[in-house]
Amino acid sequence: MGNSFGQLFKITTFGESHGVAIGVTIDGCPAGIELDEAFIQSELDRRKPGQSKITTQRKEADKFEILSGVFEGKSTGMPIAILIRNKDAKSKDYSHIADKFRPSHADYTYEKKYGLRDYRGGGRSSARETAARVAAGAIAKLFLKSIGVDINAYVSKVGDISAPHYTQLDLSKTESNIVRCPDQKTADRMIELIDSVRKDQDTIGGVVTGVIKGTPVGLGEPVFDKLHAELGKAMLSINAVKGFEYGSGFHGTTMRGSQHNDEYIKEGDQVKTKTNHSGGIQGGISNGEDIYFNVAFKPVATIMKDQQSVDKEGNEVTVSGKGRHDPCVVPRAVPIVEAMAALVIADFYMIGQSGKLR
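Residues numbered from 1 in each chain as written. Predicted model: local features only at pLDDT ≥ 70, side-chain atom pairs only at ≥ 80, totals over all residues. Heavy atoms only, no water.

## Some points on the sheet that holds strand S3 (residues 21-27)
Just so we agree on the cut-off: Strands were regarded as paired on the criterion that DSSP finds at least two bridges between them. Only DSSP runs of H or I covering at least 4 residues are called helices, and only runs of E covering at least 2 are called strands; the numbering of each starts at the N terminus. The contact definition used throughout considers only heavy atoms, calling two residues in contact when any of these lie within 4.5 Å. Axis definition: a line fitted to C-alpha atoms, limited for helices to the stretch in contact. Angles are taken between N-to-C directions and run from 0 to 180 degrees.
If you trace the 5 strands from one edge of the open sheet to the other, you get S1-S2-S3-S7-S4, paired in antiparallel fashion. This sheet does not close on itself; its edge strands, each paired only once, are strand S1 (4-5) and strand S4 (64-68). Pairing geometry for S4 and strand S7 (residues 80-85), over 4 bridges, is antiparallel. The partner of Ser68 across the bridge, within S7, is Ala81. Running at roughly 130° to S4, helix H1 (residues 37-47) makes contact with S4 and S7 of the sheet.

## What to know about the nonpolar core
Across soluble globular proteins, nonpolar side chains show a tendency to be buried alongside one another. Where we set the bar: Buried residues of nine kinds, namely Ala, Val, Leu, Ile, Met, Phe, Trp, Tyr and Cys, make up a nonpolar core once their side-chain atoms join them within 4.5 Å. Each residue gets one of three labels from its accessible area relative to the maximum for its type: buried under 20%, exposed over 50%, partly exposed in between, using a 1.4 Å probe on protein chains only.
With 77 residues, the main nonpolar core has Phe9, Ile26, Met235 and Phe297 as its most contacted residues. Broken down by element, the residue count for this core peaks at 17 residues, all from helix H7 (residues 330-354). When sequence neighbours within four positions are dropped, the list of residues in contact with Ile26 reads Phe9, Lys10, Ile11, Met78, Pro79, Ile80, Ile82, Ala136 and Ile139. Grouped together as the second largest cluster of nonpolar side chains are 6 residues, Tyr154, Leu171, Val211 and Tyr292 included.

## Observations regarding the packing of H1 against H7
Cut-off, in case you're wondering: Orientation categories follow fixed angle ranges, with anything under 35 degrees roughly parallel, anything over 145 roughly antiparallel, 65 to 115 roughly perpendicular, and all other angles oblique. Residue classes follow a fixed rule: Ala, Val, Leu, Ile, Met, Phe, Trp, Tyr, Cys and Pro count as nonpolar, while Asp, Glu, Lys and Arg count as charged, and any other residue, Gly among them, counts as polar.
Two numbers describe how H1 lies on H7: the axes approach to 7 Å, and their chain directions differ by 140°. As far as their axial angle goes, H7 and H1 are oblique. Mapping the contact onto sequence places Glu43, Arg46 and Arg47 in H1 and Arg332, Val334, Pro335, Ile336 and Glu338 in H7. Partitioning the contact of H1 with H7 into residue classes produces 3 nonpolar, no polar and 5 charged.

## A closer look at the environment of Ile291
Assignment of secondary structure puts Ile291 in strand S16 (residues 291-297). With 26 residues separating them along the chain, Ile291 and Val317 place their C-alpha atoms 47 Å apart.

## Topic: the packing of helix H3 (residues 130-145) against H7
To be explicit about the condition: Take the far helix as your reference; a near helix turned counterclockwise from it by less than a right angle gives a left-handed crossing, and one turned clockwise gives a right-handed crossing.
At a closest axis distance of 7 Å, the pairing of H3 and H7 adopts a crossing angle of 50°. Here H3 is positioned oblique relative to H7, judged by the angle of their axes. Helix-helix and strand crossings are classified by hand; for H3 and H7 the assignment is left-handed. Two secondary-structure elements touch here, H3 through Thr130, Arg133, Val134, Ala136, Gly137, Ala140, Lys141, Phe143 and Leu144 and H7 through Pro335, Ile336, Glu338, Ala339, Met340, Ala342, Leu343, Ile345, Ala346, Tyr349 and Met350.

## Some points on the environment of Pro331
As for its placement among the helices and strands, Pro331 is situated in helix H7. Given a relative accessible area of 0%, Pro331 falls into the buried group. Sequence-wise, Pro331 and Glu175 are 156 residues apart; in three dimensions their C-alpha atoms are separated by 9.9 Å.

Purely geometric numbers; function is a separate question.
Now the structure itself:
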């Protein structure tokens, strides 16, 4: 049913936006990983609603409970179950669209696929589900930290306002402002734009850039399970994502092969590349260089303006925006992008280990 992700480091999420709780089971996490609960909570805090004037004002503490798979602070190798209870769901905000389809939402397609839908906040199709992914991703990050892999994401674009390339930025400053852009001057302009759009009762999209450092050489498979293909699937599974590119991406089409090729050099006992247009992946397999990618997010579909639509009977109706929603999703999407990247790398690392004879 599409609720699981991964092969060996595998997660399954459950729950709806306005249900009792959401949660995740993580199957395949190696035993002996120290599960820093303060770190897991801090990752959830980065995603939770109500954290600034440019995010939805729904108030959810997103406090998690570990139900299984952990003993004396370490993973046991058994399935880890995490529960996050919903506290501030206001289902009455959605009663007006119980029989109407909101433009550019999953309402119509969900209804046609299943014959019914939970209209309260979008039910299972709500971005509320991503809190479960962030919890699982935090555990994947703790696992990857033990092998020297570091994952960071940041807001690189809002509307037509862009930040410099990641190589020109100090990514440790990403959390220094509410839009999560490590370049403060650019961040100030982004915040001003988002706030202006919010006051106009509208929404705007943007781009989150992810950077993975310290990836071992050899992760990924050469045919269908290419590393960049799985990263693309992971990112495109996130709500509101419309595009994914890695390395030189679409810009690479404007270059010649002589400009685009990453020539090999030797640095001490390591093989490196002079440039990194490949984005750390060649032939679907990691080459040890930084893996970097962009994830494009559309404007949030719910706007506080009247829009034309139809109801279940096919009658033309007007849909009015109500409830609490983000004017721009990208600031809260940063930890989600990191979480999905961590899940992909953790899974491929374990697959790589299982494919070797010692």
